[in-house]
Amino acid sequence: MIAIDLGSNTLRVLEYDCATKKELFSYEKVVKTADDLASSGQINDDAVLRIVSAINEVKELLDFSSKQIKAVTTEALRRASNANEVLAKIKKETAICFDVISGDEEAELTLLAVKNRLKKLHYYSDSFALIDIGGGSTEIIFHFKGKVVSRSFPIGIVTFAQSYDSLEYIKEVLPSKMLDMQMFCAQIYATMQKPDSFVATAGTPTTVAAMKLGFNYETYDAKKINGTILQKNELDFYLKKLLSMPFEEREIAVGTGRSDLIAAGILIYKQLYTILEFENCVVIDDGLREGVALNYCEQ
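Residues numbered from 1 in each chain as written. Predicted model: local features only at pLDDT ≥ 70, side-chain atom pairs only at ≥ 80, totals over all residues. Heavy atoms only, no water.

A. Structural detail: the overall build of the protein chain. Counting its regular elements, the protein chain contains 14 helices and eleven strands. Taking 2.2 N^0.38 as the reference for a compact globule, 299 residues should give roughly 19 Å; the C-alpha atoms of the protein chain span a radius of gyration of 18 Å, in line with that estimate. If one aligns the C-alpha atoms of the protein chain with their principal axes, the spans along those axes are about 50 × 45 × 35 Å. Expressed as a percentage of the 299 residues in the protein chain, the buried residues total 54%. The contacts of the protein chain with a sequence gap of at least 6 include a subset with a gap of at least 24, amounting to 70%. Per element, the accessible surface of the protein chain, about 13700 Å² overall, is 48% carbon and sulfur. Charged side chains of the protein chain number 34 positive and 42 negative; the gap between the two group centres comes to 4 Å. (Helix = DSSP H or I, 4+ residues; strand = E, 2+ residues; numbered from the N terminus. Rg over C-alpha atoms; globule rule 2.2 N^0.38 Å. Buried < 20%, exposed > 50% of the residue type's maximum accessible area, 1.4 Å probe, protein only. Contact = heavy atoms within 4.5 Å. Areas by Shrake-Rupley, 256 points an atom, 1.4 Å probe, with all protein chains shown as cover. Lys, Arg positive; Asp, Glu negative; His and termini not counted. Charge placed at Lys NZ, Arg CZ, Asp CG, Glu CD.)

Listed below in structure tokens is the structure:
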């Protein structure tokens with residue numbers, strides 16, 4: 001089967017064999033779905049063209065004709081006033097029909113993928129906090145033995161980077177903008193307990209982990225990223241390193257057009273360490289795309 005995740009920043013595609021439980025092919029491309037969404041409230045025409053182009057590009061690499069396809073999309077299309085029009089145009093141009101899933105569904109599927117990867121890494125725990133920092137939203141998921149509590153918040157690296165003029169301003173407003181997250185986490189800690197560990201997925205944590213391991217955007221290796229430990233104090237180091245690079249070098253390091261987004265994402269990521277009261281975090285590459293595939297195969 002083929003699982004497709006159209007995020008607020010990235011299109012991710014996975015061919016997965018349900019019988020052997022193996023990943024056969026993967027594809028990822030920055031399409032900036034949420035570009036200008038914060039100011040206009042809509043998905044713009046250029047973003048639609050990038051999405052259509054990326055889907056048609058992957059269809060040249062992978063035979064879609066004989067496969068079952070499950071395609072989902074998230075916060076950008078949840079928020080956009082022209083979502084129906086955009087999805088209709090994408091379907092017309094690519095024959096792919098996307099389901100707009102809720103924040104709760106997104107969290108559930110992402111958790112499924114992360115639990116599966118943690119188990120394979122023999123790093124499985126019944127008690128952990130999982131964050132998924134996306135382009136348009138961030139999900140916080142608390143997993144305890146027999147109980148899961150999650151919430152989606154409309155804070156993402158694309159919408160944040162495009163809403164404020166500078167990183168200094170983002171840093172200044174983050175505590176107030178993330179107050180709802182802080183209150184949610186405080187309530188969980190007060191009524192349940194602090195989890196044993198902290199886990200993160202999505203582009204910002206995996207990009208910082210890649211920098212730590214010496215990879216750039218082209219040489220990125222998900223298998224080696226999975227299980228990487230990032231310390232809170234390392235984030236300042238890698239943000240400073242990223243910002244000190246010449247523009248062309250930054251593009252090579254983190255991908256074309258991603259450096260401003262990753263910089264904003266690092267600030268959000270660091271604030272989550274503070275909110276969750278952890279100094280170390282386990283980074284996992286698997287996310288919604290993998291969760292969609294696993295859920296399809298289970299059903």
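Resuming the write-up.
B. Here's a closer look at helix α4 (residues 83-94). Helix length check: α4 (twelve residues) gives 16 Å between terminal C-alpha atoms against 16 Å at 1.5 Å per residue, within 8%. Along α4, the residues classified as buried are Ala83, Val86, Leu87, Ile90 and Thr94. Axial view of α4: buried residues confined to an arc of 95°, hence all on one face. Turned more than 90 degrees from where α4 packs its buried face, Asn84, Glu85 and Lys92 sit exposed. Tucked into the core, α4 has its buried residues touching β1 (2-6), α2 (45-61), β4 (69-73), α3 (75-79) and β5 (99-100). Following α4 by one or two positions, Ala95 adopts a phi angle in the positive range, close to 70°. (Expected span 1.5 Å × (residues − 1). Arc of directions from axis to C-beta.)

C. Seen up close, the pattern of salt bridges. Applying the stated criterion across every chain, the model contains 16 salt bridges. Between Arg12 and Glu28 there is a salt bridge, and its shortest N-O distance comes to 3.1 Å. Pair noted here: Arg12 is in strand β2 (residues 10-17) and Glu28 is in strand β3 (residues 22-30), with a separation of 16 residues, a long-range link. The exposure class of Arg12 is buried, given its relative accessible area of 10%. For Glu28, a relative accessible area of 38% translates into the label partly exposed. Measuring nitrogen to oxygen at the nearest pair gives 3.0 Å for the salt bridge that ties Arg78 to Glu75. A residue pair is termed a helical-turn pair when its members lie 3 or 4 positions apart in one helix, as Arg78 and Glu75 do in helix α3 at three residues. Classification of Glu75 by relative accessible area gives buried; the value is 10%. (Salt bridge = Lys/Arg side-chain N within 4 Å of Asp/Glu carboxyl O.)

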